[in-house]
Each structure stands twice: as structure tokens, then as C-alpha cells.
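Here's the letter readout for the chains.
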Amino acid sequence: MNVTRGVSVGALLLGLVLAPFFSASAQEAFVGTWVLDPVASTAPPGTAPTAGTLEIKNVGGGQFTYISETTVGGMVVHAEITFALDAKDYPVTRTPAAPGTPPITQSIEQVNATLYKGSIKVGGQEMMTVTTEVSGDGKTLTQKATGVGQIAGLSSTSVYRRA
């Protein structure tokens, strides 16, 4: 797997839905299990997950754990991160890890009550920005990932429904 595809697949696997879980008012509304709606989602050919489950847990002290298991091209990949909304980079653990892939980190900040912005870095270089918006009824998360740098032009939209 080349770095570009690995990064775009990694971004999709992460779901990058971490952001909506940070503000005090939104926190409890978004903690839980979310299921990818692949029909409503879009991604570059060959990178679109066919299934995905996101689990967000509040682990206290402004910290959250995010877990995702997603099938991309018949492969189930697990990604996990523990993070806070402080615009700092947090390491992402992927299993199985792609051989030779540099470390992946993520940072997130709140834009307003329903919109959040995040950044994914690979080897310290920003590769994707992500915006995540929660619906007014709290039943849908929509995230838009946009490539920067060497993967500029790549984008995806992932839609998740509360389980």
C-alpha cells in the first residue's frame, strides 16, 4: 500500500468524527456507537469503506477514546485514539499497521456548537483536514475530509447514524 492510499484509507478509517465529542454541551449527545451509512457516504474509488462502526467513550477529565473497525477492500482495520479538545496532536494506533507507515497523529478544535475542525498528520506533516457536523436531532454525524499537500484534491464525505 503506498503512502497516499494508506493516508486516505487511514483517514477514512479514523472517521475523524472525534471532534463533536468535546464541548460540554455536545459531549453526552455524541458519546455512543455510530454506524457508517455507506450509501450516503462518498470517497475516491478503492478507498470507500463498505462498513464501519465508531465507538466514542468518555473516559473522564476531558479525555475521550475513539475506536473504529472498518472494512475497506475486504480488510478490517482497527483505529484507536485517546484525545482532548486542546488542538494538540494525539497518536493514532492502527491495527494492522501498514509496514513502513510513519506515525499518524490527530488534533481537533471546536469551531461552534455543531461544527468542529481537525487535522491529521503523517510523520508530522499535515495530510488532511476534517470538518465534522452533527445534525440538530443528534442522530447523524457528517464528516468531510480534504487532502492537503501531496494528497491535495482527495476528499471524502462520511455519514454515520446513531446505533
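Note that the coordinates shown come from a computational prediction; the quantities given were computed from them, not determined experimentally. (Residues numbered from 1 in each chain as written. Predicted model: local features only at pLDDT ≥ 70, side-chain atom pairs only at ≥ 80, totals over all residues. Heavy atoms only, no water.)

1. Quick word on the pairing of strand β4 (residues 75-83)
Inference 1: Of the strand pairs in this sheet, β4 and strand β5 (residues 90-95) are connected by three bridges, and their pairing is antiparallel. Counted as the bridge partner of Glu-80 is Thr-93 from β5.
Inference 2: The antiparallel hairpin formed by β4 and β5 contains six residues in its connecting segment, where Ala-87 sits at a positive phi of about 60°. (Pairing = 2+ DSSP bridges. Helix = DSSP H or I, 4+ residues; strand = E, 2+ residues; numbered from the N terminus.)

2. A closer look at the environment of Ala-84
Inference 1: When you line up the elements, Ala-84 lands in the loop between β4 and β5.
Inference 2: Its relative accessible area of 11% is what places Ala-84 among the buried residues. (Buried < 20%, exposed > 50% of the residue type's maximum accessible area, 1.4 Å probe, protein only.)

3. Observations regarding the nonpolar core
Inference 1: Membership of the largest hydrophobic core comes to 23 residues, with the highest contact counts inside it found for Tyr-66, Ile-81, Phe-83, Met-128 and Tyr-160.
Inference 2: Counting residues per element, the ones that place at least two in this core are β1 (32-36), β2 (51-60), β3 (63-72), β4, β5, β7 (115-122), β8 (125-134) and β9 (140-147).
Inference 3: In terms of residue count, the dominant contributor to this core is β8 (four residues). (Core = buried A, V, L, I, M, F, W, Y, C linked by side-chain atoms within 4.5 Å.)

4. Focus: the pattern of salt bridges
Inference 1: Summed over all chains, the structure comprises three salt bridges.
Inference 2: Its salt-bridge partner being Lys-57, residue Glu-55 comes within 3.6 Å of it at the nearest N-O pair.
Inference 3: With relative accessibility at 39%, the residue Lys-57 sits in the partly exposed group.
Inference 4: The closest approach of N and O atoms between Asp-89 and Lys-121, which form a salt bridge, is 3.1 Å. On the criterion of sequence distance, the pair formed by Asp-89 in the loop between β4 and β5 and Lys-121 in strand β7 is long-range, its members being 32 residues apart.
Inference 5: Judged by its relative accessible area of 24%, Lys-121 falls in the partly exposed class. (Salt bridge = Lys/Arg side-chain N within 4 Å of Asp/Glu carboxyl O.)

5. Structural notes on the pairing of β9
Inference 1: Bridge count between β8 and β9: seven bridges; the pairing is antiparallel. Bridging from a neighbouring strand, Val-134 pairs with Leu-141 of β9.
Inference 2: Linking β8 to β9, which pair antiparallel, is a turn of five residues; within it Gly-138 sits at a positive phi near 70°.
Inference 3: Bridge analysis of β9 against strand β10 (residues 155-162) gives seven bridges, and the strand direction is antiparallel. Bridging from a neighbouring strand, Thr-140 pairs with Arg-161 of β10.

6. Section: the environment of Gly-52
Inference 1: By secondary structure assignment, the location of Gly-52 is in strand β2.
Inference 2: When the C-alpha atoms of Gly-52 and Tyr-160 are compared, they prove to be 8.7 Å apart, with 108 residues separating the residues in sequence.
Inference 3: In this structure Gly-52 touches Trp-34, Val-35, Leu-36, Glu-69 and Thr-70, once residues within four positions along its chain are discounted. (Contact = heavy atoms within 4.5 Å.)

7. A word on the confidence of the model for the protein chain
Inference 1: On average, the protein chain scores 79 in pLDDT, and the residues at 70 or more come to 80%.
Inference 2: No element of the protein chain has a lower mean pLDDT than helix α1 (residues 3-14), which averages 48, and none a higher one than β10, which averages 94.
Inference 3: Taken as a whole, residues 8-12 scores under 50 in pLDDT and shows 15 contacts with residues more than four places along the chain or in a different chain.
Inference 4: Low pLDDT (under 50) marks residues 15-26, which in the prediction has 46 contacts with non-local residues, meaning those over four places away or in another chain. (pLDDT = per-residue confidence, 0-100.)

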